[in-house]
Amino acid sequence: CPGGWRGPPPGGPPPPRPPPPAPPGGCIAPPPAAITSFLETCGGGLEILDLSGCRVDAQVMEALSRCCTKVRELSLGYLEEVPFRALPLLLRNAAGRITSLALNRSVMVGDSTLLLLGRHMAASLTSLDITGCKRVTREGVLFLAWHCKELRSLKVRYCAGMSSDFQETLPKIFPQIPQDKIERDKPRFFKD
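None of the values given here were measured: they were computed from a predicted structure. (Residues numbered from 1 in each chain as written. Predicted model: local features only at pLDDT ≥ 70, side-chain atom pairs only at ≥ 80, totals over all residues. Heavy atoms only, no water.)

Colleague: Help me understand the overall build of the protein, please; the structure alone is not making it clear to me.
Modeller: Along the protein, the regular secondary structure elements total seven helices and six strands. Along the chain direction, N to C, the helices and strands of the protein fall in the order α-β-α-β-α-β-α-β-α-β-α-α-β. A buried classification covers 40% of the 192 residues belonging to the protein. Here the protein displays about 11,700 Å² of accessible surface, and carbon together with sulfur accounts for 57% of that area. (Helix = DSSP H or I, 4+ residues; strand = E, 2+ residues; numbered from the N terminus. Buried < 20%, exposed > 50% of the residue type's maximum accessible area, 1.4 Å probe, protein only. Areas by Shrake-Rupley, 256 points an atom, 1.4 Å probe, with all protein chains shown as cover.)

Structure follows, in structure tokens:
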């Protein structure tokens, strides 16, 4: 050190630095191990669960399907990666009890997911949000319409795999859903 070490500044050591500010929204997503622990501890009494934006792995999905036996409304929006067998396991185990499911903007949701919903959750599913799921196509939605006769609310905006012309036919394909409960892309009258 040039000039030598001078010791602590007069008046004692400097005050500790404040913690870094939280990101916008005010919270930090807990790690998958913490979510799993929470579900194993408290999941038995939950009826509504929103894990949108959380890092969900195979252990979280397994704990969700094993421990959360009373969940009726489930939100798994913004899922980026879920192990191949984890979502089918959850949907099979949740058959007959989940009435509202949000998978909005989840990268891995596509026609195969809608096939699972139609096969396992048709009797109970009344509300589905697949907004922004780019792998969803016309064929998957037709399969869903054929099997999920209890649906009363459907959100399909920004599904790149479906044309706006097809989205305009959704009220005819899902006659049981009131028109104001089908959220779809607005028709485009003018080209950019």
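Colleague: Hey, could you run me through the packing of helix α3 (residues 86-93) against helix α4 (residues 111-120) in this one?
Modeller: Two quantities define a packed helix pair, namely the angle between the axes and the distance from one axis to the other. Running from N to C, α3 and α4 point in directions that differ by 20°, and their axes come no closer than 9 Å. On the basis of their axis angle, the class for α3 and α4 is roughly parallel. α4 is crossed by α3, and the crossing has right-handed handedness. Listed contacts from α4 to Leu 87, Pro 88, Leu 91 and Arg 92 of α3 are Thr 113, Leu 116, Leu 117 and His 120. Class assignment of the residues belonging to the contact of α3 with α4 gives a composition of five nonpolar, two polar and one charged. (Axes fitted to C-alpha atoms, helices over the stretch in contact; angles between N-to-C directions. Parallel < 35°, antiparallel > 145°, perpendicular 65-115°, else oblique. Left-handed = near helix turned anticlockwise from the far one by under 90°. Contact = heavy atoms within 4.5 Å. Nonpolar A, V, L, I, M, F, W, Y, C, P; charged D, E, K, R; others polar.)

Colleague: What is the right way to look at the pattern of salt bridges in this model?
Modeller: When charged atoms on two side chains of opposite charge get close, those side chains can pair. Tallying each qualifying case throughout the model produces five salt bridges. A salt bridge links Arg 72 to Glu 47; the nearest nitrogen and oxygen atoms lie 3.0 Å apart. Of the two residues, Arg 72 sits in the loop between α2 (58-67) and β2 (73-75) while Glu 47 sits in the loop between α1 (32-42) and β1 (48-50), which places them 25 residues apart along the sequence. We note a salt bridge from Arg 184 to Glu 168, for which the minimum N-O separation is 3.7 Å. Of this pair, Arg 184 sits in the segment after β6 (182-183) while Glu 168 sits in helix α6 (residues 164-168), and the two are 16 residues apart along the sequence. A residue is classified by how much of its surface remains accessible, and Arg 184, at 15% relative accessible area, is buried. Taking the relative accessible area as the measure of exposure, Glu 168 reaches 35% and is therefore partly exposed. Salt bridges sharing common partners tie together Glu 40, Glu 62 and Arg 66. (Salt bridge = Lys/Arg side-chain N within 4 Å of Asp/Glu carboxyl O.)

Colleague: What is the right way to look at the nonpolar core in this model?
Modeller: Grouped burial of nonpolar side chains is what soluble globular proteins tend to show. One finds Leu 64 and Leu 128 to be the most contacted residues of the largest nonpolar core, which totals 51 residues. Residue assignment for this core shows that the elements contributing at least two residues are α1, α2, α3, α4 and α5 (138-147). Once residues lying within four places of it in the same chain are set aside, the contact partners of Leu 64 are Leu 39, Leu 49, Leu 51, Leu 74, Leu 76 and Leu 90. (Core = buried A, V, L, I, M, F, W, Y, C linked by side-chain atoms within 4.5 Å.)

Structural measurements only, silent on function.
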